[in-house]
Amino acid sequence: MNHVNLIDELKQRNLISHVTNEEILKENIKHNSISLYCGFDPTEESLHVGHLLPLITLKRFQLQGHRPIVLIGGATSLIGDPSFKEKERFLNFDNKIDLWTTNITKQISSFLNFDGFKNNAVILNNKKWFEKINILSFLRNIGKHFSINTMINREAVKQRIKRSDQGISFTEFSYNLLQAYDFFILNKKKQVSLQIGGSDQWGNISAGMHLINRISKKKVYGLTLPLLMQSNGVKFGKTESGTIWLDPKKTTPYKFYQFWKNIEDSDVYKFLKLFTFLECNEINIREINKYKNNQIIHDKSYLSQYMTRLVHGEENLLAAERITNILFLKNINEIKESDLHQLKKDGIPSIEVNQIKDLQEALILCSLAKSRTQAKNMIVSNAISINTNKVTNKGYIFNNNDKLFNQFTLISRGKKNHCLIYWKSIVLKFH
């Protein structure tokens, strides 16, 4: 098979934190189609942007002819991975995890090809084998291969043991064995020879390699991806208002789009390498020319469009761009009612009212002005817009024409400060 040297490409993209037996692995994937896996524990109802890196990396392997296997941790999520967590996880119930598993499986399905390919992707759930396992057999046949001394000396465990206020329960301590058994089962049943995961999973991946070597005497591999921080020091995927989820009900496509739009300039080309399929050489050329002809602005737009289309599809990308054009380019005529509901949910600050006396009061309620005097000065100084139209009448009173779709009014102060008024009453009483 004619494979690109994928490991070298991953290194060029800064996608490798650790890799075992690199040269042997490179030769193996160059000449053979392998099966690899990555695990996702359903500890929330949705994946977030931090999960995109392993999913896209699985896609890179699939495009080179390898078979990606996604393992949903229906069983391991009942335990909780202690890796570099400051305190014990809250234990979730089976029915909640089953629901979350359904949601996450649906999200993952859009990233990989599952039909019509020789190397079609597979989604499995480790609940299938752990439900049948006998604890005595597990301890006798699996537990005997693990040294407590080695397990205690794992960095993630040592950090917790040192914390007198937290420590680590036997439940979480056992997680390492469970994930190792996953790798063992997948190697035995599905011929999986490579596990990938975040760099915080190195201890768990190593445990699986150790178990397979002890029982099956087979050579398998581990590869970890970097855990990302943004250049502004914020954990990747976090904003001031919380986590950026893949579920559009938790994070609207507009807010998702804006997350990528608002990344630091210093992160643009790093993220293009990590998340997109543009050639590295092309990205390097773009970076060299980033200050010519607004290249960096175009590249940030490309990244925003690419990631939003990947996660939410073309229609939601168009909606996100339409909302952006309305807020920043003032083209209100294109807006749709669904766009305004996105904005109300988490796009911009919003308030719900039955009625408002006048524009001055609206500015105060929207936190765009601190007092009537300040509000009055803003209006007469040409700083305030209603539905992108400038208003300079300091005594302006709202009328029915100000209500978009009979429900919404967009108030703006300058170019970047907006508030959406949602009128709860169908018929408004104006003074």
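Just so you know, these numbers come straight off a predicted model, no measurement behind them.

S.K.: Account for the overall build of the chain, naming residues and giving values.
M.R.: If you tally the helices and strands in the chain, you get 18 helices and 13 strands. Overall, the chain is about 80 × 50 × 40 Å in size when its C-alpha atoms are taken along their principal axes. Taking all 431 residues of the chain together, 50% fall into the buried category. Counting contacts in the chain only where the partners sit at least 6 residues apart, residues at least 24 apart contribute 72% of the total.

S.K.: Give a description of the layout of surface pockets that names residues and reports values.
M.R.: The volume enclosed by the second largest pocket comes to roughly 740 Å³. Taken together, 26 residues form the lining of the second largest pocket, with Thr239, Ser241, Lys255, Gln258 and Asn262 sitting closest to its centre. Of all the elements, helix H12 (residues 253–261) adds the most residues to the lining of the second largest pocket, at four residues. Of the residues belonging to the lining of the second largest pocket, the class tally is eleven nonpolar, nine polar and six charged.

S.K.: Break down the nonpolar core for me, with residues and values.
M.R.: With 53 residues, the main nonpolar core has Leu52, Trp260 and Phe275 as its most contacted residues. Listed in part, the 30 residues of the second largest apolar core include Trp129, Tyr175, Met209 and Val220.

S.K.: So what's going on with the environment of Lys336? Which residues, and what values?
M.R.: Here Lys336 lies in the loop between helix H15 (295–329) and helix H16 (337–347). A residue is classified by how much of its surface remains accessible, and Lys336, at 44% relative accessible area, is partly exposed. Taking the C-alpha atoms as reference, Lys336 lies 8.8 Å from Ile323; in sequence the two are 13 residues apart.

S.K.: Just give me the short version of the sheet that holds strand S6 (residues 221–225), but keep the residues and values in it.
M.R.: Across the sheet, six strands lie side by side as S1-S6-S5-S2-S3-S4; this open sheet has mixed pairing. Each having just a single partner strand, strand S1 (18–19) and strand S4 (122–125) make up the two edges of the open sheet. Alignment of strand S2 (residues 35–40) against strand S3 (residues 67–72), held across six bridges, turns out to be parallel. Residue pairing in the sheet places Leu36 in a bridge with Pro68 of S3. Against the sheet, helix H11 (residues 202–216) touches S1, strand S5 (192–198) and S6, its axis set at about 170° to S6.

S.K.: How would you explain unusual backbone geometry if you had to name every residue and give the values?
M.R.: Residues other than glycine seldom take positive phi values, yet Asn21 does so here, at roughly 45°. Examined against the element boundaries, Asn21 turns out to sit in the loop between S1 and helix H2 (22–31). Of the residues examined, Asn21 reaches a relative accessible area of 32% and is grouped as partly exposed. For Asn382, which is not glycine, the phi dihedral falls at a positive 70°. In this structure, Asn382 sits in the loop between helix H18 (372–380) and strand S10 (384–386). Classification of Asn382 as partly exposed rests on a relative accessible area of 39%.

S.K.: I'd like a description of the sheet that holds strand S11 (residues 389–390), backed by residues and values.
M.R.: Taking strand neighbours across the sheet as the criterion, the five strands line up as S9-S13-S12-S10-S11 in an open arrangement whose pairing is mixed. Pairing within the sheet leaves two strands with one partner each, and these edge strands are strand S9 (350–353) and S11. In the packing of H16 onto the sheet, the strands contacted are S9, strand S12 (408–413) and strand S13 (417–423), and the crossing angle to S13 comes to about 110°.

Rules used in this analysis
Residues numbered from 1 in each chain as written. Predicted model: local features only at pLDDT ≥ 70, side-chain atom pairs only at ≥ 80, totals over all residues. Heavy atoms only, no water. Helix = DSSP H or I, 4+ residues; strand = E, 2+ residues; numbered from the N terminus. Buried < 20%, exposed > 50% of the residue type's maximum accessible area, 1.4 Å probe, protein only. Contact = heavy atoms within 4.5 Å. 1 Å grid on protein atoms, 1.4 Å probe; cavity = no way out; pocket = protein on both sides within 12 Å on 5 of 7 lines; lining within 4 Å. Points joined across faces, edges and corners; volume = space filled by probe spheres on them. Nonpolar A, V, L, I, M, F, W, Y, C, P; charged D, E, K, R; others polar. Core = buried A, V, L, I, M, F, W, Y, C linked by side-chain atoms within 4.5 Å. Pairing = 2+ DSSP bridges. Axes fitted to C-alpha atoms, helices over the stretch in contact; angles between N-to-C directions.

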